[in-house]
Amino acid sequence: MKDVYPFTLFFAFIVIQRIGELMVAKRNEKWMKMQGALEFGGSHYRMIVLIHLLFFCSFLSEKVWFNHGLSTIWPEIIGIFFLTQVLRIWAIASLGRYWNTKIIVLPNAKIVRKGPYRWIKHPNYVVVTLELMMIPLLFNAYITTCLFTILNMIVLRIRIPEEERALITLTEYDQVFNNCERFFHKIVK
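For every chain, the first residue of its written sequence is number 1, and the numbers climb from 1 along that sequence. Only residues with pLDDT of at least 70 get local features here, since the model is predicted, and only at 80 or more are side-chain atom pairs given and counted; chain-wide, interface and lining totals rely on the full set of residues. The basis for every side-chain value is the complete set of non-hydrogen atoms in the structure, without hydrogens or water.

Some words on helix H4 (residues 123-138)
In DSSP terms, a helix is any run of H or I states spanning at least four residues, a strand is any run of E spanning at least two, and both are numbered starting from the N terminus. One fewer than the residue count of a helix, multiplied by 1.5 Å, yields its expected span. In a regular helix each residue adds 1.5 Å, so 16 residues correspond to 22 Å; H4 covers 22 Å between its end C-alpha atoms and thus fits that length. Two axes enter the definition of the bend at a residue: one is fitted to the seven residues ending there, the other to the seven starting there, and the bend is the angle between them. Of all bends in H4, the biggest is about 25 degrees, found at Glu131. Here the term buried applies to any residue with accessible area under 20% of the maximum for its type, exposed to any over 50%, and partly exposed to those in between, with areas from a 1.4 Å probe on protein chains only. Buried within H4 we find Pro123, Asn124, Tyr125, Val127, Val128, Glu131, Leu132, Met134, Ile135, Pro136 and Leu138. Contact criterion: two residues are considered in contact whenever any of their non-hydrogen atoms come within 4.5 Å of each other. Of the surrounding secondary structure, the elements contacted by the buried residues of H4 are helix H1 (4-34), helix H2 (42-66), helix H3 (74-95) and helix H5 (142-170). Positive backbone phi, approximately 55 degrees, marks Asn140, located one or two places after H4.

Okay, here's the thing in structure tokens:
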């Protein structure tokens, strides 16, 4: 199999990173619920978990079955991937204990408007969207890229409105982000 070593390292890095994030999310969930936080969107969260598990299975399977090798534009893709990781860490660090993979909202909590949240309402979803494209593209796994980009778009059309409804209901989210579109600041008022 071509490029087995880079693929194995890259795949292992992503899996280990996801496991670490789930551990942070679980710790944050426990702390937030002890503070009185409420959870929303449990039914679609299971769908998100399933999609992400299937993404890894599809990516691995496509690499094994078709073995297209490393993309000819791998330096650019790795560069974009690296930038997404910087944005991911920045977003998680900015939210601190409020960051989670689930929709968990602490009533009347102060809305975070620092870090990437100064410019983007949902930087973590931008990261996930880019990753679901860049990770398989690095090894020319085009089927995985297309399929999971579409599935991610479908799930985000459910997830983001659910998250925003919960935040608007229990916090001052609407007032804090009144000059910001779903992903970026308004250019013209």
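What about the packing of aromatic side chains?
Any pair of Phe, Tyr and Trp rings, taking the six-membered ring for Trp, is counted once the centres come within 6.5 Å. Such a pair is stacked with planes under 30 degrees apart, edge-to-face with planes over 60 apart, and tilted for the rest. Counted under the stated rule, the structure contains 15 aromatic pairs. Between Phe7 and Phe139 the ring centres are 5.2 Å apart and the planes differ by 85 degrees, which places this aromatic pair in the edge-to-face class. With Phe7 in helix H1 and Phe139 in the loop between H4 and H5, the pair connects residues that are 132 residues apart, well separated along the chain. Judged by its relative accessible area of 2%, Phe139 is buried.

Re the environment of Gln17
Relative to the helices and strands, Gln17 is located in helix H1. Look at Gln17 and you get buried, because its relative accessible area is 17%. Each C-alpha atom, one on Gln17 and one on Leu167, is 27 Å from the other, the two residues being 150 residues apart in sequence. Not counting residues within four places of it along the chain, the set of residues in contact with Gln17 comprises Gln85, Arg88 and Glu131.

Overview of the side chain of Lys63
Here Lys63 lies in helix H2. By relative accessible area, Lys63 is classed as buried at 2%. Engagement of the side chain of Lys63 in a polar contact is seen with the side chain of Asn67, the distance being 2.8 Å. Each polar contact in these results corresponds to two N or O atoms within 3.5 Å; when the atoms are within protein, one needs to be able to donate a hydrogen and the other to accept it, and residues that are neighboring in sequence are counted only if both atoms are side-chain atoms.

Some remarks on a nonpolar patch on the surface
A cluster of nonpolar residues, Leu60, Val64, Trp65, Phe66 and Ile143, forms a patch on the protein surface that exposes about 550 Å² of accessible area. Element by element, the count of residues in the nonpolar patch is highest for H2, at 4 residues. Relative to the helices and strands, Phe66 is located in helix H2. Patches in this entry comprise residues that are over 30% relatively accessible and not in a salt bridge; like charges within 9 Å are linked, as are nonpolar side chains (Val, Leu, Ile, Met, Phe, Trp, Tyr) within 5 Å. Surface exposure here means Shrake-Rupley accessible area, sampled with a 1.4 Å probe, where a residue is shielded only by the protein chains that are shown. Just to be clear on terms, a salt bridge is a Lys or Arg side-chain nitrogen sitting within 4 Å of an Asp or Glu carboxyl oxygen.

Comments concerning H5
The first and last C-alpha atoms of H5 sit 41 Å apart over 29 residues, in line with the 42 Å expected at 1.5 Å per residue. Largest kink in H5: about 30 degrees, centred on Leu156.

A word on the pattern of salt bridges
Counted according to the given criterion, the structure contains 10 salt bridges. A salt bridge links Glu131 to Arg88, with the shortest nitrogen-to-oxygen separation between them at 2.2 Å. Residue Glu131 is found in helix H4, and its partner Arg88 is found in helix H3; the two are separated by 43 residues along the sequence. Exposure remark for Arg88: the relative accessible area of 3% places this residue in the buried category. Across the salt bridge formed by Arg159 and Glu163, the nearest N and O atoms sit 3.8 Å from each other.

Quick look at the side chain of Arg88
Among the polar contacts listed, one links the side chain of Arg88 to the side chain of Glu21, at a separation of 2.9 Å. Sequence-distant contacts of Arg88, defined by excluding residues within four places in its chain, comprise Gln17, Arg18, Glu21, Asn124, Val127 and Glu131.

Regarding the environment of Lys26
Locating Lys26 in the fold gives a position in helix H1. Between the C-alpha atoms of Lys26 and Glu131, which are 105 residues apart in sequence, the distance is 22 Å.

Observations concerning the packing of H4 against H5
Interaxial angle, 0 to 180 degrees, is taken between N-to-C directions of lines fitted to C-alpha atoms, where a helix line uses only the stretch in contact. Orientation of H4 relative to H5, taken along the N-to-C sense of each, is 170 degrees, at an axis distance of 9 Å. When the interaxial angle is binned, H4 and H5 end up roughly antiparallel. Of the residues in H5, those in contact with Tyr125, Val128, Thr129, Leu132, Met133, Pro136 and Leu137 of H4 are Tyr142, Thr144, Thr145, Phe148, Thr149, Asn152, Leu156, Arg159, Ile160 and Glu163. Working definition: roughly parallel below 35 degrees, roughly antiparallel above 145 degrees, roughly perpendicular at 65 to 115 degrees, and oblique for all remaining angles.

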